[in-house]
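# Coordinate inspection notes
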Amino acid sequence: MTVHAELRVTRDRFRLELDLNVAPGEVVALLGPNGAGKTTALRALAGLLPLSAGHIRLDDQPWDEPPKVFVPAERRPIGVVFQDYLLFGHLTALENVAFGLRARGAHRGTARALAGDWLDRVGLADHAHTKPRELSGGQAQRVALARALATGPRLLLLDEPLAALDASTRLTVRAELGRHLADFPGHTVLVTHDPLDAMVLADRLVIVEHGRAVQHGPPAEVARHPRTDYVADLVGLNLYRGTAAGTAVTLADGGVLTVAEPASGTVHVAFPPSAVSLHPEPPSGSPRNTWQVIVTDIEQHAHTTRVRLDGTPPVLADITTATLADLRVGPGDALWAALKATEIRTYPA
Amino acid sequence: MLVVPALLGLAFLLVPLAGLLIRAPWATVPDRLFSAEVGEALRLSLVCASLATVVCLVLGIPLAWLLARGDLPGRGFLRALVTVPLVLPPVVGGVALLLVLGRRGLIGQYLDAWFGVSLPFTTAGVVVAEAFVAMPFLVISVEGALRAADPRYEEAAATLGASRWLTFRRVTLPSVMPGVVAGAVLCWARALGEFGATITFAGNFPGETTTMPLAVYLALETEPDAAIVLSIVLLLVSVGVLAGLRDRWIGGPT
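Residues numbered from 1 in each chain as written. Chains lettered and ligands numbered in written order. Predicted model: local features only at pLDDT ≥ 70, side-chain atom pairs only at ≥ 80, totals over all residues. Heavy atoms only, no water.

As recorded in an unreviewed UniProt entry, chain A goes by Molybdate transport system ATP-binding protein and comes from Saccharothrix tamanrassetensis.

## Topic: the overall build of chain A
Helix and strand content of chain A: nine helices and 19 strands. Taken against the 2.2 N^0.38 rule, which gives 20 Å for 349 residues, the C-alpha radius of gyration of chain A at 23 Å falls within 12% of a compact globule. Reported as C-alpha extents along the three principal axes, the dimensions of chain A are approximately 70 × 45 × 30 Å. A total of 349 residues make up chain A; the buried ones form 52% of that total. Of all intrachain contacts in chain A linking residues separated by at least 6 positions in sequence, the fraction that spans at least 24 positions is 64%. Carbon and sulfur atoms form 49% of the exposed surface of chain A, whose accessible area is close to 15,200 Å². In chain A, 34 positive and 38 negative side-chain charges are present, and the distance between their average locations comes to 7 Å. (Helix = DSSP H or I, 4+ residues; strand = E, 2+ residues; numbered from the N terminus. Rg over C-alpha atoms; globule rule 2.2 N^0.38 Å. Buried < 20%, exposed > 50% of the residue type's maximum accessible area, 1.4 Å probe, protein only. Contact = heavy atoms within 4.5 Å. Areas by Shrake-Rupley, 256 points an atom, 1.4 Å probe, with all protein chains shown as cover. Lys, Arg positive; Asp, Glu negative; His and termini not counted. Charge placed at Lys NZ, Arg CZ, Asp CG, Glu CD.)

## Quick look at the pairing of strand S15 (residues 289–300) of chain A
Residues and elements named next belong to chain A. The pairing of S15 with strand S18 (residues 334–339) spans six bridges and is classified as antiparallel. Within S18, the position partnered with Gln292 by the bridge is Trp336. Direction of pairing for S15 relative to strand S16 (residues 305–311): antiparallel, over a ladder of seven bridges. Looking at S16, one finds that Gln300 is bridged to Thr305. (Pairing = 2+ DSSP bridges.)

## Looking at the packing of aromatic side chains
Residue and element names in this part refer to chain B. By the definition in use, this model includes eight aromatic pairs over all chains. When the ring of Trp65 is compared with that of Phe168, the centres are 6.3 Å apart and the planes differ by 80°; the resulting orientation is edge-to-face. One end of the pair, Trp65, is in helix H3 (residues 36–69); the other, Phe168, is in helix H10 (residues 164–175), with 103 residues separating them in the sequence. Using a relative accessible area of 15% as the deciding quantity, one classes Phe168 as buried. Taken together, a centroid distance of 5.1 Å and an interplanar angle of 45° make the contact between Tyr110 and Trp114 tilted. Of the two residues, Tyr110 and Trp114 both sit in helix H7 (residues 108–115), four residues apart, roughly one turn of that helix. (Phe/Tyr/Trp six-rings, centres within 6.5 Å; stacked < 30°, edge-to-face > 60°.)

## Digging into the environment of Val233 of chain B
All names here are of chain B. Mapped onto the elements of the fold, Val233 is located in helix H14 (residues 224–250). Among the residues examined, Val233 registers a relative accessible area of 13% and is labelled buried. Through-space distance from the C-alpha of Val233 to that of Leu42 is 8.7 Å; in sequence the pair is 191 residues apart. Dropping the residues within four chain positions of it, Val233 is found in contact with Leu33, Leu42 and Met212.

Written out as structure tokens, the structure reads:
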């Protein structure tokens, strides 16, 4: 019940060499810069691009094993959400969702009823007869998700599913997408260049650079132990899950943070390591969040120094080399971490 | 410096048409319009042009698809070949059709021997001649629309389990419909006005192959007033086509 893929694609001067295993129910995010080969990997999994070598298998079923086997896209049990959704403009939202069911042989009535259920699940029952151009970005994204999920795919592929949305829509759509992915029993591969999307939505990250995986593992693990400067910059994000009540967020693994925007319920809070300042004594003045931390590791990067700190909560801090010299600390030393409430972003989970 | 030649050009295009209206024998127009010969020629023209358009749609849309999407070598050359009838003098087209489909022609001799079918000098021959001349209009229009359409929609349909044929019918064709309609109307208008290939391949038999343009030509020798009336009818049909296309074609996409 696992997707095994050894993706080998050679095109012009670009080579993709990526191994991927996805367990049922698991969400794997391919994270990397534009041009790293993420979308190529996705297209190969979808059957829109044949492999040059390697294989793609679901359990023991081969989907692509050059030169012998190639199952074209229309015969793979997949669902794809494209970056700009590619909803069919001449069909209504309902007909878009029903399209895959009809194509796979469902009767008109059955397909429309099922499509209606799916629109209901994504909260768009009222927009069944709306044409895509009259939908907002967030609504179009949800129709695209419903269309991809309606056929009951074994493998769900998401290509930058949130990239086309504006910042405010993005928050709510991301939270909704997270819930649908949690309910989805099949395998999910998500492609994104946004570390926050990847860390919030995925169970496992695969960092792709120049067509190769440079690191993989659970998001927290990758963030704690970035193997290269590139990964450190990319996923250098303090990210926690917690419960918000007003401006106070109680973190799931201990600690309380004060945030600027009031919220309620389960949330993600995130702030960059550069927002954390370190002090030898409890700082006075404006920072709303101060807590005691112990230095566990110090890592030199090109322009900054990343300090890994244990405490409630544990935190990453980027400081300048000059500050490091002033503090004169090493692993095991105790410090105070300070963080302004305005530096913390809160996202509904 | 540009206004004078521009106005001259405009006059050059419009004055002959105005002359047609000025010299029309208006007193006898209704009688002539509803005379048997005019009615017969008009009906034959409309039927043949419509049938030719259907033939062009059935053969031309797949051809346009092949040119736009097909993965074949020498596609540019093939596209150039398809447009040859566009610039070919129609009478040459008629001669070519005779050589191939005539009773002794390359293919015509077998049509005659095996099926007893002979196309030249029949109504079916008119349709063949018109389709030959008019098809490039449809192919070019549809191919342009296909090339402008985003092929990723077809990929999206494939990931939803749609076969190539279903994708073509439910996704590709609807998205290029404006191009198909515009192409079909141009194709129909060209077929309606077809003269050279028709008279060469199908001859001039009243009621069978005498379409409006042929009737105009015939009438000009014997009965000039009738030729003017027939011409006005064709002019009105052309203006009607332009008016119908205005939104889709001349004004650009709406």
